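Chain and residue survey
The chain contents come next:
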Number of protein chains: 2
Amino acid sequence: MKIKQDIKVAIDAVVFGYESKNSLSVLLIKRGIEPFKDEWALPGGLVLNDESLEDAVERELKEETGVTIDYLEQLYTFGSPNRDPRNRVLAVSYFGLVKPNHFKIKADTDAVDVQWFHLSELPKLAFDHQQILDMAHKRLKAKLSYEPIGFDLLNDEFPFSDLENLYMTILEKEIDRRNFRKKMLSFGIIEETNKIEKIGSGRPAKLFKFNKKKFQQLIVNDFHFEIKFV
Amino acid sequence: MKIKQDIKVAIDAVVFGYESKNSLSVLLIKRGIEPFKDEWALPGGLVLNDESLEDAVERELKEETGVTIDYLEQLYTFGSPNRDPRNRVLAVSYFGLVKPNHFKIKADTDAVDVQWFHLSELPKLAFDHQQILDMAHKRLKAKLSYEPIGFDLLNDEFPFSDLENLYMTILEKEIDRRNFRKKMLSFGIIEETNKIEKIGSGRPAKLFKFNKKKFQQLIVNDFHFEIKFV
DNA sequence: TCATTTATGCGTATGTTTAACACAAAGATA
DNA sequence: TATCTTTGTGTTAAACATACGCATAAATGA
């Protein structure tokens, strides 16, 4: 006789935000219930019977953090039998990006147990969440080079230096500013606006815009986006 | 009051095999039970309470097809609420490769409802399995270019022409034989054996071997495998 | 106000990699 | 022994990546 399957299904989200030079952040929550009560963990939770996995991610993020996501993709499904000390829980993990606009939202609800952590100053995480986070970080680094997802970490209009710094921060590499700009512009998916940003010292910078429509038209015809610097 | 979660967890496997020039095949089974009884589908089934997802894949493949897998990786998790007409079933899909050695195994059990299908002559598939298969095929094509997984579709020792044909078949592109060979050898992960294969007409070919250890040593130091031809 | 600092924007030389292509070598066939 | 077929190697031009130099446009402060 067959034993009835008893596995719960949850989602977990690794959400990255980029504020300024040299600081990539991750969104974490402090757990209110056992197991791992009062420890930091990835936002997430059980999937409802009639909702899709993506809906579950959006719902949990809204409930737990109030953050609006700008890019979301499935990462990996963690299914080892003992990853949750109580019952068996399958974790379908997602990986998301938020623009700086949407970054600050949590500031209002400071009392709540949700917080952005710099990637270099992470607390100890519950469950196997460190492993999930590591995988997400690896994916972000890899994907930045061959898909234009970096724009989902910047505001709609940005100076070129923001884009440069973003790439250098995430890839943890020095990049030649001039060659980077040349290559980026050569794809023809970034537009100049007529706006100029003048803050701080130095020459004021033109603001640029990612033309997503143009990009989507291009990829139909074997167009290949790739940024790689040694 | 909370409604108890009622979601089943299954795995599905898309297994590719490569016999000869111009024929990439997929392993399918004919379902013996409802729903979709007597229709073709991907091998797979429910995960047991105490087994890992990978174990479940291996078990199901063994039970249903008798095929030994040479490469396995998680593909994607399909979780839309209505993908199974009866209950909600989450499908964690896997993508696998078998070497020609292990390809024929099924021939003994011809009576069983399991069969290799050329990718160009697929039957209609049950559930959303066509979608899963498409994604696996896409992944195989993409991955062939930046990870040396092609060797898991060839015997341990192979003539260079086999490798060329494999790439041309899967990528569906003409590749310059001479440039391909030069580039492949330049990575230093393929070894010449002292064996020579003489079959058919034409000059007999040296047999080569993929040196997996060498490859694994290299990737530690930022080594990058990449085969790309237009 | 005028030199200094800071950051942007453009251009050019050099080396490396890719893409296109031709022919010799080793057997099988007949 | 001439012909066919497949393997094995080399050469070259064009494309691309890399490494720079320097002018420009503001803010800063002596």
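See the structure shown above.
Residues numbered from 1 in each chain as written. Chains lettered and ligands numbered in written order. Predicted model: local features only at pLDDT ≥ 70, side-chain atom pairs only at ≥ 80, totals over all residues. Heavy atoms only, no water.

Things to note about the sheet that holds strand β10 (residues 205-210) of chain A
All names here are of chain A. Under the convention used in this document: Paired strands are those between which DSSP finds at least two bridges. The secondary structure listing takes helices from DSSP runs of H or I that are at least 4 residues long and strands from runs of E that are at least 2 residues long, numbered from the N terminus. Every axis corresponds to a line fitted to the C-alpha atoms, with the helix fit spanning only the stretch in contact, and the corresponding angles, defined between N-to-C directions, vary from 0 to 180 degrees. The contact criterion used is simple: two residues touch if any of their non-hydrogen atoms lie within 4.5 Å.
Taken in spatial order, the three strands line up as β8-β10-β9 in an open sheet, and their pairing is antiparallel. Edge positions in the open sheet fall to β8 (157-159) and β9 (190-197), since each of these has one partner strand only. When the angles between neighbouring strand axes are averaged without regard to direction, this sheet yields 40°. When β8 meets β10, the two strands line up antiparallel, connected through three bridges. When the sheet's bridge partners are listed, F158 is paired in β10 with F208. On top of the sheet, helix α4 (residues 160-171) reaches β8, β9 and β10; it is set at about 80° to β8, its chief contact.

Some points on the environment of S52 of chain A
For clarity, the threshold we go by: For every residue, the accessible area (1.4 Å probe, protein chains only) is compared with the maximum for its type, and the residue is labelled buried under 20%, exposed over 50%, or partly exposed between those bounds. Under the rule applied, a polar contact is a pair of N or O atoms within 3.5 Å (in protein, one hydrogen donor and one hydrogen acceptor; residues adjacent in sequence only if both atoms are side-chain atoms).
Tracing the backbone shows S52 of chain A in the loop between β4 (44-46) and α1 (53-64). Classification of S52 of chain A as buried rests on a relative accessible area of 16%. Excluding its chain neighbours within four sequence positions, the residues that come into contact with S52 of chain A are G79, P81 and R88 of chain B. A polar side-chain atom of S52 of chain A sits 3.1 Å from the main-chain amide nitrogen of D55 of chain A.

As for the protein's contact with DNA strand D
Selection rule: We define proximity as follows: a residue is near a molecule or strand when any one of its heavy atoms falls within 4 Å of that partner. In this classification, the charged set is Asp, Glu, Lys and Arg, the nonpolar set is Ala, Val, Leu, Ile, Met, Phe, Trp, Tyr, Cys and Pro, and all remaining amino acids, among them Gly, are polar.
Close to DNA strand D lie 24 residues; R178, N179 and R203 of chain A together with S161 and R178 of chain B are nearest. Near the protein, within 4 Å, the atoms of DNA strand D are sugar or phosphate in 51% of cases. Within the side chain of S161 of chain B, a nitrogen or oxygen atom sits 2.6 Å from a phosphate oxygen of DNA strand D. The contact in question runs from a base oxygen of DNA strand D to an N or O atom on the backbone of R203 of chain B, over 3.0 Å. Among the secondary structure elements, those contributing two or more residues to the surface near DNA strand D are α5 (177-186) of chain A together with α5 (177-186) and β10 (205-210) of chain B. For the surface near DNA strand D, the per-class residue count stands at five nonpolar, seven polar and 12 charged.

Some points on the protein's contact with DNA strand C
Around DNA strand C, the structure places 24 residues, and the nearest of them are S161, R178, R181 and G202 of chain A together with R178 of chain B. For DNA strand C, the backbone makes up 50% of the atoms found within 4 Å of the protein, where backbone means sugar plus phosphate. Of all the elements in the fold, those that place two or more residues in the surface near DNA strand C are α5 and β10 of chain A together with α5 of chain B. Split into classes, the residues belonging to the surface near DNA strand C amount to five nonpolar, seven polar and 12 charged.

Quick notes on the environment of I33 of chain B
All names here are of chain B. Residue position: I33 is located in the loop between β2 (24-30) and β3 (40-41). With relative accessibility at 58%, the residue I33 sits in the exposed group. I33 sits 110 residues away from K143 along the chain, and the two C-alpha atoms are 35 Å apart.

Things to note about the sheet that holds β10 of chain B
Two strands in a sheet stick together by hydrogen bonds in their backbones, pointing the same way (parallel) or opposite ways (antiparallel). Residue and element names in this part refer to chain B. Ordered in space as β8-β10-β9, the three strands form an open sheet in which the pairing is antiparallel. With partners counted over all chains shown, the strands left at the sheet margins are β8 (157-159) and β9 (190-197), one partner each. For this sheet, the mean inter-axis angle between neighbouring strands, taken without regard to orientation, is 40°. Contacts between helix α4 (residues 160-171) and the sheet are confined to β8, β9 and β10, with β8 contributing the most and set at about 80° to the helix.

Some details on the interface of chain A and chain B
Heads up, the rule is: When two parts are put together, the accessible area they lose, computed with a 1.4 Å probe and summed over both, is reported as buried area. Any carboxyl oxygen of Asp or Glu that lies within 4 Å of a side-chain nitrogen of Lys or Arg is treated as forming a salt bridge with it.
At the junction of the two partners, chain A supplies 27 residues and chain B supplies 27 residues. Taking both sides of the interface into account, the surface hidden between chain A and chain B amounts to around 2200 Å²; carbon and sulfur atoms contribute 45%. Broken down residue by residue, the surface that chain A buries against chain B is led by Q5, N49 and Q74 of chain A, which jointly contribute 29%. Linking chain A with chain B are two salt bridges. A salt bridge links E226 of chain B to K228 of chain A; the nearest nitrogen and oxygen atoms lie 4.0 Å apart. At the junction of chain A and chain B, the tally comes to 17 residue pairs in polar contact (both at pLDDT 80 or more). Listing elements by their share of the side of chain A that touches chain B, those giving two or more residues are β1 (8-18), α1, β5 (71-78) and β6 (89-98) of chain A. Examining the composition of the side of chain A that touches chain B, we find that three residues originate from one element, β5 of chain A, more than from any other. Taken together, the residues of the side of chain A that touches chain B break down into 11 nonpolar, seven polar and nine charged.

What about the pairing of β1 of chain A?
Residues and elements named next belong to chain A. Across the 11 residues of β1, 11 count as buried, placing the element largely inside the fold. Residues K8, A10, D12, V14, F16 and Y18 point to one face of β1 and V9, I11, A13, V15 and G17 to the other, with burial holding for every one of them. With antiparallel pairing between neighbouring strands as the criterion, β1 and strand β2 (residues 24-30) make up a hairpin whose turn holds five residues, including N22 at a positive phi of roughly 65°.

Any link to function would need more than the numbers given here.
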